[in-house]
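Tertiary structure, described
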Amino acid sequence: MKKICGLLEDYLMENLDEKNRKLFESHLDECESCRKSVEAFSKIEQSLNSIPKVSVPEGFSASVMEKIYERKEKVLGWYVYGIVAFLSFAVSVVAVYLLGFDYVAAKVYSVASTVYAFASSFSVALSTLSGSLYNSIDFGGLNGVVLTFVFVMICFGFAKSVKIFTREVK
Amino acid sequence: MCDELKVIERVLNGDTDAFGILVKRYEKQIVNYVFRMIGNYQDALELSQEVFLKAYLALKSYKSEYSFSTWLYKIARNRTIDFIRKKKLNTVSIEGKGDEDGLKPQYEDSGLRPDEVYEKKRRAVLVEKAVAKLPEEYREVIIMYHVDGLKYEEISDILGLPIGTVKNRIFRARKMLKDMLEGEV
Ligand SMILES: [Zn+2]
């Protein structure tokens, strides 16, 4: 083991300058131990360089872009919600300020009662309809089942419509 | 490089589609890096998509002091290490057991003659297995250098380590592989 053998690691790490590299390379001709090491490492390097690469599926970038657009849509959706919420808040503050609390409260009450009147007339219509349904068909115990079914369908339709309007883009 | 900055500027100015150019340019490297780090092709594809999405969302914070590729690799590396921690994978199994139903990786055509293929395949399988057994910090430098073909400087920027340390780490990883594969390749 000569002193120059100590350069082996630096040679393999490509740390030697031009002069020392040439010196070490000529040393390889006469030192079997260093030569064997260098050969072993170059074999490893070759094998590492030939590790096969996996290919990327055709639609990869397209689905990345799709994800990006979905995200943008979602963010836009939240902006819209935010703006609507802010505007309605601002309008109500301005309204209370300009028109006075009692006036606005009365207005809100009248709108609410209109909505309530509409809802109750709807429920009256519904109960009349189901009542006449109940009376016109005489299936005995089945009527209860039919009514329940109709009720569930209405609930289902309502839930569906809520889902459509509040659909979250993932 | 220069036109890359132009593409980034276009994206930042609202031309979202231009980001596709960057995805196409780096998808192969990123997918290969992630795949060799975690060992599962399907997970690697999903994770790589997340990496690009994250890069898009964070693009405003990209500073051109590093190359875009370096910045992208940093994101990929963080995400991959996160994934490994969560799955508590210490070593990877290429086409591992337990995910037979998963998507099988498609390899690129090596362009070899049939008589070369067998021997090379045998060696490649041994080397792949050995690489998968390396500790994470050695595995990543070997993948970056030998699979993705990055330069020492780029790896040093990605890892935030001096070049000397990177060279040393690659050397020690090769040494471990040499010991593992003694007489087999
Ligand atoms: Zn020697």
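Residues numbered from 1 in each chain as written. Chains lettered and ligands numbered in written order. Predicted model: local features only at pLDDT ≥ 70, side-chain atom pairs only at ≥ 80, totals over all residues. Heavy atoms only, no water.

**A word on the domain arrangement of chain A**
Domain assignment breaks chain A into domain 1 (2-50), domain 2 (57-99) and domain 3 (100-170). Put simply, the middle of domain 1 of chain A and the middle of domain 2 of chain A, counted by C-alpha atoms, are 62 Å apart. (Domains from an automatic or database assignment.)

**Things to note about the coordination of the zinc ion**
Here the zinc ion is held by C5(A) (SG), H27(A) (NE2), C31(A) (SG) and C34(A) (SG), and the distances to it run 2.1 to 2.4 Å. In this structure, the zinc ion is surrounded by four donor atoms whose angles at the metal cover 104 to 115 degrees, and the resulting shape is tetrahedral. (Donors = N, O, S within 2.8 Å, 3.2 Å for Na, K, Ca; no water. Tetrahedral: all angles 85-135°; square planar, octahedral: opposite > 155°, others 65-115°.)

**Comments concerning the domain arrangement of chain B**
Residue and element names in this part refer to chain B. When cut into domains, chain B gives domain 1 (1-90) and domain 2 (98-185). One C-alpha centre belongs to domain 1, the other to domain 2, and the line joining them spans 20 Å. Contact residues are listed per partner, giving 21 residues for domain 1 and 21 residues for domain 2. Buried surface at the junction of domain 1 and domain 2, both sides included, amounts to about 2000 Å², of which 54% is carbon and sulfur. A per-residue breakdown of the area domain 1 buries against domain 2 is headed by R36, M37 and Y41, which together make up 30% of the total. (Contact = heavy atoms within 4.5 Å. Buried area = accessible area lost by both parts, 1.4 Å probe.)

**Some points on the packing of helix 2 (residues 19-38) of chain B against helix 6 (residues 136-147) of chain B**
All names here are of chain B. Closest axis-to-axis distance for the helix 2/helix 6 pair is 10 Å, and the angle between their directions is 145 degrees. Helix 6 is crossed by helix 2, and the crossing has right-handed handedness. Here N32, Y33, R36 and M37 of helix 2 come into contact with helix 6, specifically with E136, R139, E140, I143, M144 and V147. Considering only residue class, the contact of helix 2 with helix 6 consists of five nonpolar, one polar and four charged. (Axes fitted to C-alpha atoms, helices over the stretch in contact; angles between N-to-C directions. Helix = DSSP H or I, 4+ residues; strand = E, 2+ residues; numbered from the N terminus. Left-handed = near helix turned anticlockwise from the far one by under 90°. Nonpolar A, V, L, I, M, F, W, Y, C, P; charged D, E, K, R; others polar.)

**What about the packing of helix 3 (residues 32-49) of chain A against helix 8 (residues 163-180) of chain B?**
Relative orientation of the contacting elements helix 3 of chain A and helix 8 of chain B amounts to 95 degrees, with a least axis distance of 10 Å. Put simply, helix 3 of chain A runs roughly perpendicular to helix 8 of chain B. On helix 8 of chain B, the residues touching A40(A), F41(A), I44(A), E45(A) and L48(A) of helix 3 of chain A are F171(B), R174(B), K175(B), L177(B) and K178(B). Here the residues of the contact of helix 3 of chain A with helix 8 of chain B are counted per class, giving six nonpolar, no polar and four charged. (Parallel < 35°, antiparallel > 145°, perpendicular 65-115°, else oblique.)

**Remarks on the interface of chain A and chain B**
Counting residues at the interface gives 32 residues for chain A, matched by 44 residues for chain B. Contact between chain A and chain B buries roughly 3900 Å² in total, counting both sides, with carbon and sulfur atoms accounting for 66%. When the buried surface of chain A facing chain B is broken down by residue, K53(A), V54(A) and F60(A) rank first, second and third, together holding 17% of it. Where chain A packs against chain B, one counts two salt bridges. Remark: the boundary between chain A and chain B carries 16 residue pairs in polar contact (both at pLDDT 80 or more). Listing elements by their share of the side of chain A that touches chain B, those giving two or more residues are helix 1 (8-12), helix 3 and helix 4 (60-99) of chain A. Sorting elements by how many residues they give to the side of chain A that touches chain B places helix 4 of chain A first, with ten residues. A per-class count over the side of chain A that touches chain B returns 16 nonpolar, eight polar and eight charged. (Salt bridge = Lys/Arg side-chain N within 4 Å of Asp/Glu carboxyl O. Polar contact = N/O pair within 3.5 Å; in protein donor to acceptor, adjacent residues only side chain to side chain.)

**What about the packing of aromatic side chains?**
Describing an aromatic ring pair means giving the distance of the ring centres and the angle of the ring planes. Residues and elements named next belong to chain A. In the structure shown here, the tally under the stated rule is twelve aromatic pairs over all chains. Between W78 and Y81 the ring centres are 5.5 Å apart and the planes differ by 55 degrees, which places this aromatic pair in the tilted class. One end of the pair is W78 and the other is Y81, both in helix 4 and three residues apart, which spans about a single turn. For W78, a relative accessible area of 54% gives the class exposed. (Phe/Tyr/Trp six-rings, centres within 6.5 Å; stacked < 30°, edge-to-face > 60°. Buried < 20%, exposed > 50% of the residue type's maximum accessible area, 1.4 Å probe, protein only.)

**Considering the nonpolar core**
In terms of nonpolar packing, the biggest core is built from 63 residues, with F19(B), I30(B), F52(B) and F68(B) touching the most fellow members. Take this core: its biggest share by element is eleven residues, from helix 2 of chain B. Setting aside residues up to four positions removed in sequence, F19(B) forms contacts with M65(A), I68(A), V11(B), F52(B), A55(B), Y56(B) and L59(B). Core analysis: the next-biggest nonpolar cluster, separate from the first, contains 14 residues, I4(A), C5(A), F24(A) and F171(B) among them. (Core = buried A, V, L, I, M, F, W, Y, C linked by side-chain atoms within 4.5 Å.)

**Description of helix 2 (residues 18-28) of chain A**
Residues and elements named next belong to chain A. Taken together, the buried positions of helix 2 are F24, H27 and L28. Take helix 2 and look down its axis: the buried residues cluster within an arc of 105 degrees, on one side only. In helix 2, the exposed residues that point more than 90 degrees away from the buried face are K19 and K22. Tucked into the core, helix 2 has its buried residues touching helix 1 and helix 3. (Arc of directions from axis to C-beta.)

**Re the pattern of salt bridges**
Residue and element names in this part refer to chain B. Taken as a whole and judged by the stated rule, the model has 15 salt bridges over all chains. Between R25 and D3 there is a salt bridge whose closest N-O contact spans 3.8 Å. With R25 in helix 2 and D3 in helix 1 (residues 2-12), this residue pair connects regions lying 22 residues apart in the sequence. Residue R25 is classed as partly exposed on the basis of its relative accessible area of 37%. The closest approach of N and O atoms between D82 and K86, which form a salt bridge, is 3.7 Å. Placement of both D82 and K86 in helix 4 (residues 68-87) is noted, with a separation of four residues, approximately one turn of the helix. Under the relative-accessibility criterion, D82 is labelled partly exposed at 38%.

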